[in-house]
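Fold and geometry: a report
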Amino acid sequence: MTQAATPTADTVRRVVRSLLQDSPLHDSPFPDPPPPDGGGLRIAPVAEGGEHSTWFVGARHVLRLAPDREASRRQRRELRLRELVRPHIGVAVPVSVAHGEWASGLTYTLDTLIPGGSGERRDVSAVGEADLAGLLSGLREVPGHQAESLGVPRATPRSLETLRTAAERAAERLAAADEFDPARLQQLTAGGVVQLAAQPGAAFLVHHDLKGEHLVVSGDGRVRGVLDWTDAAVGDPTEDIAGLAVAVGAPAAVRAATLAGYGARPCLRGLWLARCDTLTRLADRLGGRSGSPLPLLRAQLAHAWEAILLERLTEDTW
């Protein structure tokens, strides 16, 4: 894999200048084009993500630069996939107004900015939960074979037993750091692991990275858009329930999934995927094996471990 230099503000200005110079003013992607040197546009890195491969360009656009050839391949696929999902999911996905290469073999896309704030900093309202339900149900309507024809991979469902084993080790390390009570993990019994195994034949298009920074939330708590479809796969739909549990909290995620037509088993499976994941991620960070921000990982752990009504059900009623 060829690794390029990290994109900088100068890189972004160079791409913007090329867009302005190559397009007549009336065809420019910018509504009020600045001078051809691009100097009139505000250019700033998007804070979330930390890689500085995503940049605000002016007030209405975001420039995303793929840092290597694998990311470029996924970005090209994403541009096609967004057009496939757009009619189904009921919330906005970015529109690419220009795309090309910012270095040899390395791609960029200049996308419209969806108005709103990050789901990491804004709460989702009850109406916003209905938006999430529309997203989950809409993804089931996307023809999986069409997604695969675009190059979207098929993902094998993860083993909850394997995840629980890793989470048990993580919980012990977190207990030693006074971060978590490992007794809470005993709620997921051996019988529960069996009951919550992935259901055969239940493969749909999955966003596969529904964390808070990829949800655009308005001031009134509506979910207005979903960003970054580069990790999409055809596979276990409970992965998206898990992502929402981490992003917006377990109760909101389960309510949204229930509105989308999912029953108790997939909701609980998604919840436990999220809980196991958040334990191992925080333990990895405390052990120096990750650079993710500690406050974010602690917030995600708290979200995933919020209690839900379904947990009052016994294994026999699952």
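To start, this report covers the structure provided alongside it.

Turning next to the sheet that holds strand β8 (residues 215-217). Pairing is antiparallel across the open sheet formed by three strands, whose spatial order is β6-β8-β9. A strand with exactly one partner marks an edge of an open sheet, and here the two such strands are β6 (117-118) and β9 (223-226). Sheet analysis places β8 next to β9, joined by three bridges and oriented antiparallel. The residue bridging valine 216 from the neighbouring strand is glycine 225, located in β9.

This part takes up the pattern of salt bridges. In total, this model carries 20 salt bridges according to the counting rule given. Among the ionic pairs, arginine 269 bridges to aspartate 236, the shortest N-O distance being 2.9 Å. Remark: aspartate 236 occurs in the loop between β10 (233-235) and α7 (238-248) and arginine 269 occurs in helix α9 (residues 264-286); sequence separation between them is 33 residues. The class for arginine 269 is buried, based on a relative accessible area of 3%. One continuous salt-bridge network, built from bridges that share partners, spans Arg64, Glu78, Arg82, Asp111 and Asp228.

Right, let's talk about helix α8 (residues 250-259) for a bit. Helical geometry: 3.6 residues make up each α-helical turn, so side chains three or four residues apart lie on a common side. Among the residues of α8, Ala250, Ala252, Ala253, Val254, Ala256 and Ala257 are the ones counted as buried. Summarising the contacts, the buried residues of α8 are in contact with α3 (126-141), α7, α9 and α10 (294-304). Immediately downstream of α8, the backbone of glycine 261 shows phi near 100°, a positive value.

Overall, the coordinates contain two aromatic pairs when judged by the stated rule. Ring geometry for tryptophan 272 and tryptophan 305: centres 5.4 Å apart, planes at 90°, overall edge-to-face. In this pair, tryptophan 272 is assigned in helix α9 and tryptophan 305 in the segment after α10, connecting sequence segments 33 residues apart. Neither residue differs from the other here; tryptophan 272 and tryptophan 305 are each classed as buried. Grouped by ring-pair contacts, the aromatic residues Phe180, Trp272 and Trp305 constitute a single cluster. Residue placement shows arginine 275 over the ring face of tryptophan 272; its charged tip is 4.9 Å from the ring centre. Seen from the ring of tryptophan 305, arginine 275 lies directly overhead, with NZ or CZ sitting 4.7 Å from the centre.

Here strand β3 (residues 61-65) lies mainly inside the structure; five of its five residues are buried. By the bridge criterion, four bridges tie strand β2 (residues 54-57) to β3 in an arrangement that is antiparallel. Bridge pairing in β3 places valine 57 opposite histidine 61. As paired strands, β3 and strand β5 (residues 106-112) are joined by five bridges and run antiparallel to one another. Note that in β5 the partner of leucine 65 across the bridge is tyrosine 108.

The rules behind these values
Residues numbered from 1 in each chain as written. Predicted model: local features only at pLDDT ≥ 70, side-chain atom pairs only at ≥ 80, totals over all residues. Heavy atoms only, no water. Pairing = 2+ DSSP bridges. Helix = DSSP H or I, 4+ residues; strand = E, 2+ residues; numbered from the N terminus. Salt bridge = Lys/Arg side-chain N within 4 Å of Asp/Glu carboxyl O. Buried < 20%, exposed > 50% of the residue type's maximum accessible area, 1.4 Å probe, protein only. Contact = heavy atoms within 4.5 Å. Phe/Tyr/Trp six-rings, centres within 6.5 Å; stacked < 30°, edge-to-face > 60°. Lys NZ or Arg CZ within 6 Å of the ring centre and 35° of its normal.

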